[in-house]
Amino acid sequence: MVAETDPPPVHRLVYPLFVTEEISGAVEIGSMPGQYRHSIPSLVREVREAFDLGLRAVILFGLPKTKDDEGTAALDPDGIVPRAIRAIRAEVPEMFVITDVCVDEYTTHGHCGRVRDGHVQNDETLTILAQMARVHARAGADMVAPSDMMDGRVGAIRRALDDAGYDQTPILSYAAKYASCFYAPFRDAAQSAPQFGDRKSYQMDPANRREAHREVALDRVEGADMVMVKPALPYLDVIAAVKGRFDLPVAAYQVSGEYAMIRAAGRLGWIDEAQAIDESLLSIRRAGADLILTYFAKEVARRFRLSSGT
Ligand code: PBG
């Protein structure tokens, strides 16, 4: 009766999924036990199960067969993500499909933009991202989520979508994305660790909270429909600050390293895993997140289903 916050209901959870060019099957990700690199058939099965458990949104990360310096595979209309979207559309049409828009999974150097003379070229990257978002929208994505952190990309993507007739496709901007060590397992999964340097020239300094206001404000005027704070648990103050200051829906991403920590400690018997999952999600919700991207989405939904007896 007096609880100020309820645990996030399943419709507020977004389930991140990795899809590869493999023909069939799924391969477990070493640093993310319980998460897989899916082939398209296995992805579709996973999405179907997730839907049947009550989940209503997924976010897709594509892992192409070949990478190059420019991340060309990211713009292929028959690339891995467009094909995955079409397959989900055909089999589980009700699922809301979000796509991650960023080239790091597609480039040999692993950076989130075009690299020249050892530097990521912000403005040259914008046209690539805009084109990538358009390819996803054309394949049937319900929403695009740029995670690259280039300045000006929300505006560039909004214009490109509008010009191509996708003015109804919303943008979830990774607005306050920190240069965090908690992405390591994801980079392992996507083989996207930067081959030189780091991402500190485009991702945010973990020491800064006020800078998040500036990042969100810019994305907002450029046309973001929702904004994200990432990672989640180490940045609850940022989630709360963004929620208090802006009237857009706020998403929080409980990232791969947060998942790996809870999983590992749970497996070692050092904490109660289910309780740790629930407490972390409740805390992220308490901080103000409207949506939570979490690799635990499916198991939380399953547990919820079991406990409610439906
Ligand atoms: C970039 C991207 C990353 C994540 C989501 N999108 C990795 C990075 O910035 O290095 C990380 C997600 C996670 O750790 O779960 N395309």
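Placed above this text is the structure.
Residues numbered from 1 in each chain as written. Predicted model: local features only at pLDDT ≥ 70, side-chain atom pairs only at ≥ 80, totals over all residues. Heavy atoms only, no water.

### Concerning helix α3 (residues 122-139)
Here's step 1: With 18 residues, α3 ought to run about 26 Å at 1.5 Å a step, and its terminal C-alpha atoms sit 26 Å apart, in line with that.
Here's step 2: For α3, the set of buried residues is Thr125, Leu126, Ile128, Leu129, Ala130, Met132, Ala133, Val135, His136, Ala137 and Ala139.
Here's step 3: Contacts made by the buried residues of α3 are with α2 (80-91), β5 (96-101), β8 (143-146) and α4 (153-163).
Here's step 4: Once α3 ends, the next one or two residues include glycine 140, with phi positive near 115°. (Helix = DSSP H or I, 4+ residues; strand = E, 2+ residues; numbered from the N terminus. Expected span 1.5 Å × (residues − 1). Buried < 20%, exposed > 50% of the residue type's maximum accessible area, 1.4 Å probe, protein only. Contact = heavy atoms within 4.5 Å.)

### Comments concerning the pairing of strand β1 (residues 13-20)
Within a regular strand, the side chains alternate between the two sheet faces.
Here's step 1: Judged by how many residues are buried, β1 sits mostly within the fold: eight of eight residues are covered.
Here's step 2: Here β1 shows no split at all, with Leu13, Tyr15, Leu17 and Val19 on one side and Val14, Pro16, Phe18 and Thr20 on the other all buried.
Here's step 3: With two bridges joining them, β1 and strand β12 (residues 291-294) adopt parallel strand pairing. Each bridged residue has a counterpart across the sheet, and for leucine 13 the counterpart in β12 is isoleucine 292.
Here's step 4: Sheet topology note: the β1/strand β3 (residues 32-38) ladder contains two bridges and is parallel. (Pairing = 2+ DSSP bridges.)

### Regarding the environment of histidine 213
Here's step 1: Within the fold, histidine 213 resides in helix α6 (residues 210-222).
Here's step 2: Judged by its relative accessible area of 15%, histidine 213 falls in the buried class.
Here's step 3: It is 8.2 Å that separates the C-alpha atoms of histidine 213 and alanine 176, two residues lying 37 residues apart in sequence.
Here's step 4: Setting aside residues up to four positions removed in sequence, histidine 213 forms contacts with Ala241, Arg245 and Phe246.
Here's step 5: Within the structure, the side chain of histidine 213 is placed 3.1 Å from the side chain of arginine 245, a separation counted as a polar contact. (Polar contact = N/O pair within 3.5 Å; in protein donor to acceptor, adjacent residues only side chain to side chain.)

### Side note on the environment of threonine 5
Here's step 1: Looking at the secondary structure, you find threonine 5 in the segment before β1.
Here's step 2: Beyond its immediate stretch of four places on either side in the chain, threonine 5 contacts Leu282, Arg285 and Arg286.

### What to know about the packing of aromatic side chains
How two aromatic rings sit relative to each other is given by the distance of their centres and the angle of their planes.
Here's step 1: Applying the stated criterion to the full structure yields nine aromatic pairs.
Here's step 2: Between tyrosine 174 and tyrosine 253 the ring centres are 6.2 Å apart and the planes differ by 45°, which places this aromatic pair in the tilted class. Of this pair, tyrosine 174 sits in strand β9 (residues 172-177) while tyrosine 253 sits in strand β11 (residues 250-254), and the two are 79 residues apart along the sequence. Assigned by exposure class, tyrosine 174 and tyrosine 253 land together as buried.
Here's step 3: Grouped by ring-pair contacts, the aromatic residues Phe18, Phe61, Tyr174, Phe186, Tyr253, Tyr259, Tyr295 and Phe296 constitute a single cluster.
Here's step 4: Just above the ring of tyrosine 183 sits the side chain of lysine 177; from NZ or CZ to the centre is 5.5 Å. (Phe/Tyr/Trp six-rings, centres within 6.5 Å; stacked < 30°, edge-to-face > 60°. Lys NZ or Arg CZ within 6 Å of the ring centre and 35° of its normal.)

### Description of the site of the ligand
Here's step 1: In the neighbourhood of the ligand, 18 residues make up the surrounding shell, with Lys177, Arg187, Lys230, Ser256 and Tyr295 lying closest.
Here's step 2: Between the ligand and glutamate 105, the relevant distance is 2.9 Å, taken from a nitrogen atom to a side-chain nitrogen or oxygen of the residue.
Here's step 3: Contacts to the ligand include serine 147, whose side-chain N or O atom sits 3.1 Å from a nitrogen atom.
Here's step 4: Across the complex, the protein chains shield 100% of the 410 Å² of accessible surface that the ligand would expose by itself.
Here's step 5: For the ligand, the cavity whose grid points lie within 2 Å of the majority of its atoms is the largest cavity.
Here's step 6: Within the shell around the ligand, the residues separate by chemical class into eight nonpolar, three polar and seven charged. (Near = heavy atom within 4 Å. Areas by Shrake-Rupley, 256 points an atom, 1.4 Å probe, with all protein chains shown as cover. 1 Å grid on protein atoms, 1.4 Å probe; cavity = no way out; pocket = protein on both sides within 12 Å on 5 of 7 lines; lining within 4 Å. Sits in = over half its atoms within 2 Å of the grid points. Nonpolar A, V, L, I, M, F, W, Y, C, P; charged D, E, K, R; others polar.)

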